[in-house]
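Okay, here's what each chain looks like letter by letter:
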Amino acid sequence: MTFGRSERGKPPVEPVTLKILVAGGFGVGKTTLVGAVSEIRPLRTEELLTEAGRPVDDISGVEGKRTTTVAMDFGRITLREDLVLYLFGTPGQERFWFMWDELSEGALGAVVLADTRRLEDCFAAVDYFERRSIPFLVGINCFEGATRYPAETVRQALDLDEDVPVVLCDARDRESVKEVLVGVVQHAMAYAAGRREAVTM
């Protein structure tokens, strides 16, 4: 079946649309992740890094980075004929964090992308979603040349609750990113079901 069309004799399927945030530190691969999986040409708001930004943009560990997201990345992926995800990549630098409140409005959940070479850069994103009770998954972007640590070691380093999923991924690979997105949707739905159960008890 093609998205938006129905098989003969069956009514058209009206897909459920869900909003997922992609957050994390500067240069961790958020724009790459959205671009790898989006079925539409992603909206990007990237600008060149300049000398003026050098004092505030720490590029140690990502010296090859030439651009930065200044508003958001946006993409869309159809996971099933009845399920469409809208992806919103947040800017990584602290001076753009004021936009996170707007972007997180109505989000089902979030992916916090992490780079083990600069793990401290994702602390702010983890803290943000924990404080606002937005369910999230941590995706460890496996950069070439970076030491690979077991997911459990990263969980301990980030002091995450046991129920927060931690997965290894490659932000450049469509199938890897799809697994991450399926994981965050499943986690968010389980989280919502748990909260409903707690309210009715």
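All of these numbers come straight from a predicted model, not from anything done at the bench.

Let's talk about the overall build of the protein
Reasoning step 1: A count of helical and extended segments in the protein gives 5 helices and 7 strands.
Reasoning step 2: Mapped from its N terminus to its C terminus, the protein presents α and β elements in the order β-α-β-β-β-α-β-α-β-α-β-α.
Reasoning step 3: Burial analysis of the protein (201 residues in total) assigns 44% to the buried set.

Some thoughts on the side chain of Lys19
Reasoning step 1: When you line up the elements, Lys19 lands in strand E1 (residues 16-24).
Reasoning step 2: This buried residue, Lys19, is left without a salt bridge; Glu105 holds the nearest opposite charge, at 7.4 Å.
Reasoning step 3: Only 2.7 Å separates the side chain of Lys19 from the backbone oxygen of Leu103, close enough to count as a polar contact.
Reasoning step 4: The contact partners of Lys19, leaving out residues within four places of it in the chain, are Tyr86, Phe88, Glu102, Leu103, Ser104, Glu105, Gly106, Ala107, Leu108 and Gly109.

Focus: helix H1 (residues 30-37)
Reasoning step 1: Across the 8 residues of H1, 6 count as buried, placing the element largely inside the fold.
Reasoning step 2: Within H1, the full set of buried residues consists of Lys30, Thr31, Leu33, Val34, Ala36 and Val37.

With respect to the packing of H1 against helix H5 (residues 174-200)
Reasoning step 1: Between H1 and H5, the least distance of the axes is 9 Å, while the angle of their chain directions is 100°. By the angle between their directions, the pair H1 and H5 is classed as roughly perpendicular. For the pair H1 and H5, the contacting residues are Leu33, Ala36 and Val37 in the first and Arg174, Val177, Lys178 and Leu181 in the second.
Reasoning step 2: Of the residues that constitute the contact of H1 with H5, the class distribution is 5 nonpolar, no polar and 2 charged.

Concerning the pairing of E1
Residues in a regular strand point their side chains to alternate faces of the sheet.
Reasoning step 1: A large share of E1 lies buried, amounting to 7 of its 9 residues.
Reasoning step 2: By the bridge criterion, 7 bridges tie E1 to strand E4 (residues 83-89) in an arrangement that is parallel. Bridge pairing links Val16 to Leu83 in E4.
Reasoning step 3: Note that E1 and strand E5 (residues 109-114) share 5 bridges and pair parallel. Bridge assignment links Ala23 to a residue of E5, and that residue is Val112.

Overview of the packing of aromatic side chains
Reasoning step 1: With the rule as written, the count across this model stands at 6 aromatic pairs.
Reasoning step 2: Ring centres 6.2 Å apart and planes at 35° place the aromatic pair Phe129 and Phe136 in the tilted group.
Reasoning step 3: These aromatic residues form a ring-pair network of at least three members: Trp100, Tyr128, Phe129 and Phe136.
Reasoning step 4: Above the ring of Phe88, the side-chain terminus of Lys19 is found at 4.8 Å from the ring centroid.
Reasoning step 5: The cationic tip of Arg117 hangs over the ring face of Phe143; the distance from NZ or CZ to the ring centre is 4.5 Å.

What counts as what
In every chain, residue numbers begin from 1 and rise along the written sequence. A pLDDT threshold of at least 70 governs which residues receive local features in this predicted model, and a stricter bar of 80 or more applies before side-chain atom pairs are shown or counted, although totals over entire chains, interfaces and linings include all residues. Hydrogen atoms and water are omitted, and side-chain values are computed over all heavy atoms in the structure. Labels follow the DSSP assignment, with helices taken as runs of H or I lasting at least four residues and strands as runs of E lasting at least two, numbered in each case from the N terminus. Burial classes follow relative accessibility: with a 1.4 Å probe on protein chains only, a residue under 20% of its type's maximum area counts as buried, one over 50% as exposed, and anything between as partly exposed. Charged residues are defined narrowly, with Lys and Arg counted positive, Asp and Glu counted negative, and His plus the chain ends left uncounted. The working definition used for a salt bridge is a side-chain nitrogen of Lys or Arg within 4 Å of a carboxyl oxygen of Asp or Glu. Counting of polar contacts relies on pairs of N or O atoms within 3.5 Å, with two restrictions inside protein: one atom must be capable of donating a hydrogen and the other of accepting it, and residues adjacent in sequence are counted only when both atoms are side-chain atoms. We call two residues contacting when some pair of their heavy atoms lies within 4.5 Å. All axes are obtained by fitting lines to C-alpha atoms, using only the stretch in contact for helices, and the reported angles, taken between N-to-C directions, cover 0 to 180 degrees. When an angle is under 35 degrees it counts as roughly parallel; over 145 it counts as roughly antiparallel; between 65 and 115 it counts as roughly perpendicular; any other value is oblique. Gly falls in the polar group here, along with every residue not listed as nonpolar (Ala, Val, Leu, Ile, Met, Phe, Trp, Tyr, Cys, Pro) or charged (Asp, Glu, Lys, Arg). The criterion for strand pairing is that DSSP finds at least two bridges linking the strands in question. Each aromatic pair joins two rings of Phe, Tyr and Trp (for Trp, the six-membered one) with centres within 6.5 Å, and gets the label stacked for planes under 30 degrees apart, edge-to-face for over 60, and tilted for any other angle. Two thresholds decide whether a charge sits over a ring: the Lys NZ or Arg CZ must be within 6 Å of the ring centre and within 35 degrees of the ring normal.

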